[in-house]
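# Structural overview for review
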Amino acid sequence: MIDLHIHTIASDGQHSGEEVVRMCADLRLTAMAVADHNSVESVAEAERHAGEAGIEFAPCFELDTVFRGRDLHILGYFIDYAGQACKAYMDEIFRAKLAQTRLRVKKLSELGFVLDFDELMELSGWRLPTGKQYISLMKTKPENMKNPDFMAFIDGPRSRSPYLNFYLDWLRAGRPAFVPLHAQPSERAIEEIKKIGGVPILAHPSDTPLEDVHALIDLGLEGLEVYSSYHSVEDSAKFLALAKDRGALVTAGSDFHGIDVKPDVKLAGIPGNEDELFYKLKEAAGR
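Presented here is a report on the structure given in the accompanying data block. Please read all numbers here as calculations on a predicted model, not as lab measurements. (Residues numbered from 1 in each chain as written. Predicted model: local features only at pLDDT ≥ 70, side-chain atom pairs only at ≥ 80, totals over all residues. Heavy atoms only, no water.)

### Some thoughts on the side chain of His231
With respect to the element layout, His231 can be found in the loop between β7 (223-228) and α10 (233-246). Assessed through its relative accessible area of 10%, His231 is described here as buried. A distance of 2.8 Å separates a polar atom in the side chain of His231 from the backbone oxygen of Val226. Setting aside its immediate chain neighbours within four residues, His231 contacts His204, Pro205, Ser206, Glu225, Val226, Ser236 and Phe239. (Helix = DSSP H or I, 4+ residues; strand = E, 2+ residues; numbered from the N terminus. Buried < 20%, exposed > 50% of the residue type's maximum accessible area, 1.4 Å probe, protein only. Polar contact = N/O pair within 3.5 Å; in protein donor to acceptor, adjacent residues only side chain to side chain. Contact = heavy atoms within 4.5 Å.)

Next comes the structure, spelled out in structure tokens:
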């Protein structure tokens, strides 16, 4: 049993690298991957503890990219995360994401939310802020507690998974406070992953049009996260057929963040999470 898509506190997850490895060990997983958004900060820690626990490990990150106006997440497996090229790329993404955050705060303020960029960054420890930090900061402002748009995430219809829902409702592509990340088109992300020795895989593609998936494969994408917490049986069957037709790799990942962040997503709680998928991925990476 495997789970190749797990988040930690290095991005928007609830648990440390050591903690997620311990959880994977308790579930007797054969292989795992820590895949934080635009970060490799937890990879070394998780890899060390996975080795001690006898769990196969794939160094990975999840890049937030844009393709044809849509937000797409691309996973990079078996990257040389300690190399200078990866470090330089992560620094570049951080600077671009920091500028994006500043513009997001400006847009949200114009839309009636009360928040301050410096306060947000201080709350996040000058990491890239997550939905949790946005919500936590805005809860301290009395004006927001009178705003029905904000209260929907506190005790309203979007409160079950408020951090994720805030991003989905306000920050993602097509939403009122969306700010494009020009430094991170999907095409370039695929190229950069390959430059640092990685295998680019499209995460949870169920909301990606099939023509876009084919176009990405033409651009060098090597596989699809066919088995995901967000996929129906029909979704998985559709993308499995596409992967077989195009000779693409197949992976399985829960996108686990922790119960406080995504209460409906369980670690390794996915169908199709067979060991064979990991070993084919590892072979494709030349490991």
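This is not the end of the story, as more comes after the structure.
### Brief notes about the nonpolar core
Counting residues in hydrophobic clusters, the biggest one holds 65 residues, and the most contacted among them are Met32, Phe61, Tyr77 and Leu224. Looking at which element gives the most residues to this core, the answer is strand β2 (residues 31-37), with five residues. Residues contacting Leu224, with those up to four places away along its chain left out, are Ile201, Leu202, Val213, Phe239, Leu242, Ala243, Leu249, Val250 and Thr251. By size, the runner-up hydrophobic cluster in this structure holds 19 residues, among which are Leu108, Ile135, Met138 and Phe153. (Core = buried A, V, L, I, M, F, W, Y, C linked by side-chain atoms within 4.5 Å.)

### Brief notes about the side chain of Gln133
As for its position among the elements, Gln133 is in helix α5 (residues 131-139). A relative accessible area of 18% means that Gln133 is categorised as buried.

### A closer look at the pairing of strand β6 (residues 199-202)
Side chains Val199 and Ile201 of β6 all project onto a buried face; the interleaved residues Pro200 and Leu202 project onto the opposite face, where all are buried too. Note that strand β5 (residues 70-77) and β6 share four bridges and pair antiparallel. Considered in β6, the bridge of Tyr77 is made with Val199. With two bridges joining them, β6 and β7 adopt parallel strand pairing. Bridge pairing links Leu202 to Leu224 in β7. On the question of chirality, the crossover connecting β6 to the parallel β7 by way of helix α9 (residues 210-218) is right-handed. (Pairing = 2+ DSSP bridges. Right-handed = clockwise from strand over helix to strand, strands pointing away.)

### Brief notes about unusual backbone geometry
Its identity is not glycine, yet Asn38 carries a phi of approximately 55°, on the positive side. Mapping Asn38 onto the fold places it in the loop between β2 and α2 (43-53). Taking the relative accessible area as the measure of exposure, Asn38 reaches 8% and is therefore buried. In this model, Ala268 sits at a positive phi of 60°, which is unusual for a non-glycine residue. Structurally, the position occupied by Ala268 is in the loop between β8 (249-253) and α11 (275-284). Judged by its relative accessible area of 9%, Ala268 is buried.

### Topic: the packing of aromatic side chains
If you walk through the whole model with that rule in mind, you get seven aromatic pairs. On the basis of an interplanar angle of 35° and a centroid distance of 5.9 Å, the ring pair of Tyr134 and Phe166 is categorised as tilted. Of this pair, Tyr134 sits in helix α5 while Phe166 sits in helix α7 (residues 162-171), placing them 32 residues apart in sequence. Tyr134 sits in the buried class, given a relative accessible area of 1%. An aromatic cluster is present here, built from Phe113, Tyr134, Phe153, Phe166 and Trp170 joined pairwise through their rings. The positively charged end of Arg102 is found above the aromatic ring belonging to Phe117, 4.0 Å away from the centroid. (Phe/Tyr/Trp six-rings, centres within 6.5 Å; stacked < 30°, edge-to-face > 60°. Lys NZ or Arg CZ within 6 Å of the ring centre and 35° of its normal.)

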